[in-house]
Amino acid sequence: MNVATVNCGCKICCRSSKLKGIVFIIQSQSNSFHSKRAEDLKRDILKQAADLGKELPTVLLIHQMDGHEGAWTILPLMRDFSVTYGRNSSWIFFCEEDTRIQVVKLLETLGRFDGSKEWFLGKALYDEESTIIHHYAFAENPTVFKFPDFAAGWALSIPLVNKLAKKLKSEPLKSDFTIDLKHEIALYIWQRGEGPHLTPVPEFCTDDVNSYKVEHCATTFSNFLPLCGEPVKKEDVFVAVKTCRKFHGDRIPVVKQTWEREAALIEYYSDYADISIPTIDLGIPNTDRGHCGKTFAILERFSNHSSPRTPWLVVVDDDTLISIFRLRKLLSCYDPNEPVFLGERYGYGLGTGGYSYITGGGGMVFSRIAVQKLLASKCRCYSMDAPDDMVLGMCFSGLGIPITHSPLFHQARPMDYPKGYLSHQIPVSFHKHWNIDPVKVYFTWLAPNTEESFNGKKVRYNREDL
């Protein structure tokens, strides 16, 4: 055996040893479409590992790890990570189901850092201006605080995991809202955990795997807008718009100028029947907030009065901007025979039980069977003005029907999200008309083609302005 062969064998052995020190956590979901993608990623990681040697790393799917409703928020799992892996591992590496990992390059990248110290590694995102979804944190200069883009993968050294576990044991997570997990985890690690700031790692990337830019990357990101065959038919999606009389004159015209044309089946539900739109009065008085009574009336109407052959219901606010065209592509990946409740996932009180829910402003998507199961239960609004999205989350949690999260739905405006985060998305929705031109936002971000004919003129908008 020559020297080169000995060195090569030693290199593989060394890599294998280091690889066993990494625990891979895939931020997976139980819906069949998402769980399959996560299983595919797990197989790919283990195949790459097998090519390096005999010692395989631990690869876990987060939705299989714990019956805890808040497992997806990760912090409640830190104590388990510490107990199980705190002595024999070096890193916990988190990734999404569509993150693609070059295992050898990941080993080389993590090898640059001393695993005996506290490290929080990732691709850095930051707010260019303070935003409501981050509770206006760092209002004077929000660019100073960095948080990880989960799509690129992110890593915690075991000493930091152990420190967080100890902190969480002495000071359990309080009952509160989870709105943007990546920002809230970074904030907890730095402030509540008295740990480090995020260290940006250039090898953690969100460029597409086929991009010329990825030669140096340990991770890439493959998913912009999934398509699993032909988009669902227009007639398979029923769209319900929640409105009220005071917004008929300003919000509804925006819907009609933008995305209404994409919907084959659409109804506007209000507290006043206006034949010029037209709107349907469900007999539910308007409330200043919550709208739970109205939403449940919409679900009843869909169940009882729409065609049973229409498998999907979308409920949006009158100031939601949505691409039904893209939604039809996305829905091609979901089985309408499963109870699906899809949108942007938030959480309430997940550190102490609680439940997940789909935040309403970005749009809530239901399979018909999910609506049927909900209405067959006894779960209803505790008041007419209760928050509809939260009540729905509580109901589905009680029924054992999981929330399905898609980052392509957005509760806020494009300017409320980091440009780096939106750069690897083809978004399905945004929400709110505050201090923006909503028509411009639609044609810039959501129209089937960003170059659209509008009022007889070709217009092309620049996303950098939004």
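How each quantity is defined
- Residues numbered from 1 in each chain as written.
- Predicted model: local features only at pLDDT ≥ 70, side-chain atom pairs only at ≥ 80, totals over all residues.
- Heavy atoms only, no water.
- Disulfide = S-S within 2.5 Å.
- Helix = DSSP H or I, 4+ residues; strand = E, 2+ residues; numbered from the N terminus.
- Buried < 20%, exposed > 50% of the residue type's maximum accessible area, 1.4 Å probe, protein only.
- Phe/Tyr/Trp six-rings, centres within 6.5 Å; stacked < 30°, edge-to-face > 60°.

Visitor: How do you make sense of the state of the cysteines when you look at a structure like this?
Guide: In protein structure, a disulfide is the covalent linkage between the sulfur atoms of two cysteines. Within the structure shown, the criterion is met by four disulfides. A sulfur-sulfur separation of 2.1 Å characterises the disulfide bridge that pairs Cys-205 with Cys-217. Between Cys-205 and Cys-217 the sulfur-sulfur dihedral comes to about -90°; the bridge is accordingly left-handed. Remark: Cys-217 occurs in the loop between strand 10 (199–200) and strand 11 (219–221) and Cys-205 occurs in the loop between strand 10 and strand 11; sequence separation between them is 12 residues. When its relative accessible area of 1% is taken as the criterion, Cys-217 is described as buried. The disulfide partner of Cys-292 is Cys-381, and the S-S distance across this bridge is 2.1 Å. In this structure the cystine formed by Cys-292 and Cys-381 twists about its S-S bond by roughly -90°; its chirality is therefore left-handed. Of this pair, Cys-292 sits in helix 9 (residues 292–305) while Cys-381 sits in the loop between helix 11 (368–376) and helix 12 (388–399); the two residues are 89 residues apart in sequence, bridging distant segments of the chain. The exposure class assigned to Cys-292 is buried, which follows from its relative accessible area of 0%.

Visitor: Would you mind showing me how to read the packing of aromatic side chains here?
Guide: Note on aromatic pairs: each is described by the distance of the centres and the angle between the planes. This structure, assessed with the given rule, holds 23 aromatic pairs. Where Phe-24 meets Phe-93, the ring centres are 5.9 Å apart and the plane angle is 70°; that geometry is what we call edge-to-face. Taken as a pair, Phe-24 in strand 1 (residues 22–27) and Phe-93 in strand 3 (residues 91–96) lie far apart in primary sequence, 69 residues in all. Like Phe-24, the residue Phe-93 is buried in the burial classification.

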